[in-house]
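The residues making up each chain are set out below.
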Amino acid sequence: MNATAALSSPFQPALMPTAGATVSWSEMVSHRSYLVRFAQRRLRDPMLAEDAVQDVFEAVLCGRAAFAGRAALRSWLTAVLKNKIVDAVRRNAGTDQLDDETMDSGALAIACPQPQPDQVAEQRQLLARALARIDALPAGLRDAMRLRVLEEQSTESVCARLGISEDNLFVRMHRARKHLLS
């Protein structure tokens, strides 16, 4: 089968332009609303999303991104948009975004809320109950939970100390968590 026969194959989707075909402006713009929604879900900023979509169109029109026809036009535009989103995130990664409310006469005010005394008491009670439930576990499960979670020892050191395999440790941790949640 030669190249021209492959291009005129009845199995080729009707919406997919042939390889090397140029994409018309109207074809691209017909996907704009989808691309903007896609970008807004990723960037969570309508203005950045619009900019990213415009960057996609600019890249296509300037020839920096060339449609080869190996995928549907929407899929290809989405792939180009994903790259533009990554670029936008990288560009804005080093900048701090401050609201006008956080600025106090030119001084930077960073809120670092401290828990209220009643919240501290509640957290202590929750911790005491959790520790009591761990103490009530069967010995094998209790030891595995204490060493691995509370003392934050490595899997290897816990296995060596308890004389068990890694698989057995994972089974014990699973069972301990299941007991704690029931």
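All residue numbers refer to positions counted from 1 along the written sequence of the respective chain. Note on the predicted model: pLDDT of at least 70 is required for a residue's local features to be given, and 80 or more for side-chain atom pairs to be given and counted; whole-chain, interface and lining totals, by contrast, use all residues. Water and hydrogen atoms play no part in the side-chain values, which are based on all heavy atoms of the structure.

Participant: Would you mind going over the overall build of the chain in detail, with residue names and values included?
Facilitator: In terms of helices and strands, the chain carries nine helices and two strands. Only protein chains enter the area calculation, which uses a 1.4 Å probe; residues under 20% of their type maximum are buried, those over 50% are exposed, and those in between are partly exposed. Residues classed as buried in the chain amount to 24% of the 182 residues present. Contact between two residues is taken to exist if any of their heavy atoms lie within 4.5 Å; hydrogens are not considered. Taking all contacts inside the chain whose residues are at least 6 apart in sequence as the whole, residues at least 24 apart take part in 54%. We count a stretch as a helix when DSSP gives it H or I for four or more residues in a row; a strand needs E for two or more, and each element gets its number in order from the N terminus.

Participant: Go over the packing of aromatic side chains with me, naming the residues and quoting the values.
Facilitator: Two aromatic rings from Phe, Tyr or Trp, using only the six-membered ring of Trp, form a pair when their centres are within 6.5 Å; if the ring planes differ by under 30 degrees the pair is stacked, by over 60 it is edge-to-face, and anything between is tilted. Taken as a whole and assessed by the stated rule, the structure comprises two aromatic pairs. Ring geometry for tryptophan 25 against phenylalanine 57: centres 5.6 Å apart, planes inclined by 65°, an arrangement best described as edge-to-face. Of this pair, tryptophan 25 sits in helix H2 (residues 25–29) while phenylalanine 57 is found in helix H4 (residues 46–62), placing the two residues 32 residues apart along the sequence. Judged by its relative accessible area of 46%, tryptophan 25 is partly exposed. Accessibility expressed as a relative area gives 2% for phenylalanine 57, which makes it buried. Taking the centre distance of 6.3 Å and the plane angle of 35° together, the rings of tyrosine 34 and phenylalanine 38 count as tilted. One end of the pair is tyrosine 34 and the other is phenylalanine 38, both in helix H3 (residues 32–43) and four residues apart, which spans about a single turn. Classification of tyrosine 34 by relative accessible area gives partly exposed; the value is 21%.

Participant: Go over the side chain of threonine 155 with me, naming the residues and quoting the values.
Facilitator: Checked against the element boundaries, threonine 155 lands in helix H8 (residues 155–162). Judged by relative accessible area, which is 11%, threonine 155 ranks as buried. Apart from residues no more than four positions distant in its own chain, threonine 155 is found in contact with Arg148, Glu166, Leu169 and Phe170.

Participant: Break down the environment of histidine 174 for me, citing the residues and quoting the values.
Facilitator: With respect to the element layout, histidine 174 can be found in helix H9 (residues 166–181). C-alpha of histidine 174 to C-alpha of leucine 141: the two residues are 33 residues apart in sequence and 9.1 Å apart in space.

Participant: An account of the pattern of salt bridges is requested, with residue identities and associated values reported.
Facilitator: Just to be clear on terms, a salt bridge is a Lys or Arg side-chain nitrogen sitting within 4 Å of an Asp or Glu carboxyl oxygen. On inspection of all chains with the given rule, the structure shows three salt bridges. Here arginine 32 makes a salt bridge to glutamate 50, at a shortest N to O gap of 2.6 Å. Of this pair, arginine 32 sits in helix H3 while glutamate 50 sits in helix H4, and the two are 18 residues apart along the sequence. The exposure class of glutamate 50 is partly exposed, given its relative accessible area of 26%. A salt bridge links aspartate 135 to arginine 146; the nearest nitrogen and oxygen atoms lie 2.3 Å apart. Here arginine 146 lies in helix H7 (residues 139–150) and aspartate 135 lies in helix H6 (residues 117–135), a separation of 11 residues in the sequence. What makes aspartate 135 partly exposed here is its relative accessible area of 40%. The partly exposed category is assigned to arginine 146, whose relative accessible area is 29%.

Participant: Outline the packing of H8 against H9, supporting the account with residue identities and numerical values.
Facilitator: Between H8 and H9, the least distance of the axes is 9 Å, while the angle of their chain directions is 95°. It follows that H8 is roughly perpendicular to H9 by the angle criterion. Here Thr155, Glu156, Val158, Cys159 and Leu162 of H8 come into contact with H9, specifically with Glu166, Leu169, Phe170 and Arg172. Here an axis means a line fitted to C-alpha atoms, over the contact stretch when the element is a helix, while the angle between two N-to-C directions is reported on a 0 to 180 degree scale. Here the word oblique covers every angle except those under 35 degrees (roughly parallel), over 145 (roughly antiparallel) and from 65 to 115 (roughly perpendicular).

Participant: Which residues make up a nonpolar patch on the surface, and what are the values?
Facilitator: Here the term patch refers to residues with relative accessible area over 30% and no salt bridge, with like charges joined within 9 Å and nonpolar side chains (Val, Leu, Ile, Met, Phe, Trp, Tyr) within 5 Å. The accessible surface values rely on the Shrake-Rupley method and a 1.4 Å probe; as for residues, cover is taken only from the protein chains in view. On the surface, Leu127, Leu131, Val149 and Leu150 cluster together into a nonpolar patch covering about 310 Å² of accessible area. When contributions to the nonpolar patch are tallied by element, the ones reaching two or more residues are H6 and H7.

Participant: With reference to specific residues and values, describe the packing of H3 against H4.
Facilitator: Packing of H3 against H4 brings their axes to within 8 Å, and their N-to-C directions diverge by 130°. Classed by the angle they form, the pair H3 and H4 counts as oblique. Read as a crossing pair, H3 and H4 show a hand that is right-handed. Contacts between H3 and H4 pair Arg32, Leu35, Val36, Ala39, Gln40 and Leu43 from the former with Pro46, Leu48, Ala49, Glu50, Ala52, Val53, Gln54 and Phe57 from the latter. Crossing handedness follows the turn of the near helix against the far one: under a right angle anticlockwise gives a left-handed crossing, and clockwise gives a right-handed one.

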